[in-house]
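The chain contents come next:
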Number of protein chains: 2
Amino acid sequence: MGSSPRRADLAALLAPLMRGLIAAEEPVLAAHGLTMWGYVVLCALDRGEVRTQAALAESINADKTRIIRTLDDLQHSGHIERVPDPEDRRARLLRITERGRRVKDAAQAQIQRGEERWLGLLGAEERRVFLSALRRMAADGNSGPP
Amino acid sequence: MGSSPRRADLAALLAPLMRGLIAAEEPVLAAHGLTMWGYVVLCALDRGEVRTQAALAESINADKTRIIRTLDDLQHSGHIERVPDPEDRRARLLRITERGRRVKDAAQAQIQRGEERWLGLLGAEERRVFLSALRRMAADGNSGPP
DNA sequence: TATTGTTATACTCTATAACTATA
DNA sequence: TATAGTTATAGAGTATAACAATA
């Protein structure tokens, strides 16, 4: 015997949770005039770790060509600024605007309230352990192929 | 102030972990002659909860038209059988074959060994709490929109 | 020669509509 | 009339290749 697995695959457990979270986020973002990618970009820029489009694309695991329309839209709606880099005239420096940060913070607050639908299933200590473990695992996933 | 979030969004933590897991799974599945969807189908059929194509599609959150090519391939490679339902001549009953189960079990064993790259970051008790919490959250995500 | 940002093109994946054979 | 399975078509999303400007 021994043919049935002790537990489901990790990915099989994460997938439905991910689906649920995204489904819950989408109407919130739409209500704030944001797309999923637009929100991801605002979050990345708000962290302040990246300045150029290439660096941004890499940090959110997107192709550099894929984010251009998103950046255009965010710029036109006043959520970000794109200024030429005086030190490298090929590059354009990205910055979230005051308005962009307000919108992002409002959307994020509502999103994290919505996450209580799932996190609320956990006890206080359980939640602490879960989030701590998840943070560590997520950080390692960034270190590329084994 | 209060403009920076206490923590990252749940989805933002799950996304890189999910990416890493899928990237690690893909070469394993390929080595066993399976696609991601083919593997998902074999796992669902092995659980034995569904019998028709429509029920299978729903259980793995896929469109009924989307799985047909996958079922064709799995049938041609002898991983599943499709027999006409004697009680409803419109339907075809799905069943994983002995060969299908062997391949699926082998792939799954290797996949779960690969997951130790992430789960291995956790202590024994931490891992137990994490998996227990994740299982509960994943089950709730299936209950549809709030 | 390599890199930044951009555009145009091709390709993959998925959903939609329409069809058949049953019920 | 509704449903199971199938096919064909169209649409969205993504990657690839090629370009101009700059390093």
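Model, not experiment: these values are computed from the prediction.

What follows deals with the overall build of chain A. For chain A, the helix and strand inventory stands at seven helices and two strands. Mapped from its N terminus to its C terminus, chain A presents α and β elements in the order α-α-α-α-β-β-α-α-α. In terms of C-alpha radius of gyration, chain A reaches 18 Å, well past the compact-globule figure of 15 Å for 146 residues. For chain A, buried positions account for 43% of its 146 residues. Considering only contacts in chain A between residues 6 or more positions apart, those separated by 24 or more positions represent 47%. When the accessible area of chain A is evaluated, it comes to approximately 8200 Å², of which 52% is carbon and sulfur surface.

Another point: the relation of the copies chain B and chain A. Screw-axis analysis of chain B against chain A gives a translation of 0.0 Å along the axis, an RMSD of 0.1 Å, and a rotation angle of 180 degrees. Here the transformation between the copies is reduced to the relation of a two-fold axis. Closest approach to the rotation axis among the C-alpha atoms of chain B is made by F130 of chain B, whose C-alpha sits 2.5 Å away. The residues that chain B uses at the interface reappear at the interface of chain A in 100% of cases, marking a shared surface.

Moving on to the pattern of salt bridges. Proximity of charged atoms lets side chains of opposite charge pair with each other. In total, this model carries 26 salt bridges over all chains according to the counting rule given. Residues joined in a network through salt bridges with shared partners are D46, E98, R101, K104 and D105 of chain A.

Looking now at the layout of surface pockets. A water-sized probe rolled over the atoms picks out the places where empty space is left. Size it by volume and the largest pocket reaches roughly 1200 Å³. Along the wall of the largest pocket there are 35 residues; nearest its centre are A11, A12, A15 and P16 of chain A together with V40 of chain B. The set of elements that each furnish at least two residues to the lining of the largest pocket consists of α1 (10–31) of chain A together with α1 (10–31), α2 (36–47), α5 (98–114) and α7 (124–141) of chain B. The element best represented in the lining of the largest pocket is α1 of chain A, accounting for eight residues.

Look at the UniProt record and you will see "domain: HTH marR-type" (unreviewed entry) annotated at residues 7–139 of chain A. Helix makes up 65% of residues 7–139 of chain A and strand makes up 8%, while its end C-alpha atoms are separated by 24 Å.

As a matter of local geometry, DNA strand D sits amid 17 residues, with R89 of chain A together with Q53, A54, R90 and R92 of chain B nearest to it. Counting only the atoms of DNA strand D within 4 Å of the protein, the fraction contributed by sugar and phosphate is 66%. In this structure, a phosphate oxygen belonging to DNA strand D sits 3.1 Å away from a side-chain N or O atom of R66 of chain A. In the model, a phosphate oxygen of DNA strand D is placed 2.6 Å from a nitrogen or oxygen of the Q53 of chain B side chain. Along the lines of polarity and charge, the residues of the surface near DNA strand D split into four nonpolar, four polar and nine charged.

Here we take up the protein's contact with DNA strand C. Around DNA strand C, the surrounding shell holds 17 residues, and the nearest of these are Q53, A54, R90 and R92 of chain A together with R90 of chain B. Close to the protein, within 4 Å, the atoms of DNA strand C belong to sugar or phosphate groups at a rate of 62%. Q53 of chain A is positioned such that a nitrogen or oxygen atom in its side chain is 2.7 Å from a phosphate oxygen of DNA strand C. In the environment of DNA strand C, a phosphate oxygen lies 2.7 Å from a nitrogen or oxygen atom belonging to the backbone of A54 of chain A.

The next thing to look at is the interface of chain B and chain A. Residue-level contacts link 48 residues of chain B with 49 residues of chain A. With both sides pooled, the region where chain B packs onto chain A buries about 4900 Å², and carbon together with sulfur makes up 62% of that total. On inspection of chain B and its partner chain A, the count reaches six salt bridges. Between R117 of chain B and D140 of chain A there is a salt bridge, and its shortest N-O distance comes to 3.6 Å. Our count for the chain B to chain A interface comes out at 16 residue pairs in polar contact (both at pLDDT 80 or more). When contributions to the side of chain B that touches chain A are tallied by element, the ones reaching two or more residues are α1, α5, α6 (116–119) and α7 of chain B. A per-element tally of the side of chain B that touches chain A places α7 of chain B first, with 13 residues. Classifying every residue of the side of chain B that touches chain A gives 26 nonpolar, eight polar and 14 charged.

About the cut-offs
Residues take numbers from 1 onward in each chain, read along the sequence in its written order. For naming, the first written chain is A and the first written ligand is 1, with later ones following in the order written. Two thresholds apply to this predicted model, a pLDDT of at least 70 for residue-level local features and 80 or more for giving and counting side-chain atom pairs, whereas whole-chain, interface and lining totals are computed over all residues. The side-chain quantities take in all heavy atoms of the structure and omit both hydrogens and water. We count a stretch as a helix when DSSP gives it H or I for four or more residues in a row; a strand needs E for two or more, and each element gets its number in order from the N terminus. Between the two quantities, the radius of gyration covers C-alpha atoms and the globule rule is 2.2 Å times the number of residues to the power 0.38. Here the term buried applies to any residue with accessible area under 20% of the maximum for its type, exposed to any over 50%, and partly exposed to those in between, with areas from a 1.4 Å probe on protein chains only. Two residues qualify as a contact provided that any one of their heavy atoms is within 4.5 Å of a heavy atom in the partner residue. Surface accessibility follows the Shrake-Rupley procedure with a 1.4 Å probe radius. Residue values consider only the protein chains on display as shielding. For the least-squares superposition of copies, only C-alpha atoms count, and only for residues with pLDDT at least 70 in both. Here, a salt bridge means any Lys or Arg side-chain nitrogen found within 4 Å of an Asp or Glu carboxyl oxygen. Method remark: on a 1 Å grid restricted to protein atoms, a set of points is classed as a cavity if a 1.4 Å probe fits but cannot get out and as a pocket if it is open with protein on both sides within 12 Å along at least five of seven lines; lining residues have an atom within 4 Å of a point. Grid points are joined across faces, edges and corners, and a volume is the space filled by probe spheres set on the points. UniProt positions are given in the numbering used here, feature names are shortened, and annotations may be inferred rather than shown by experiment. Any residue with a heavy atom positioned within 4 Å of a molecule or strand is treated as near that molecule or strand. Between N or O atoms, a polar contact is any pair within 3.5 Å; within protein, one atom must be a potential hydrogen donor and the other a potential acceptor, and residues adjacent in sequence are included only when both atoms are from side chains. Here the nonpolar group is Ala, Val, Leu, Ile, Met, Phe, Trp, Tyr, Cys and Pro; Asp, Glu, Lys and Arg are the charged ones; every other residue, Gly included, is treated as polar. A quick way to say it: buried area is the sum, across both parts, of accessible area lost when two parts are put together, with a 1.4 Å probe.

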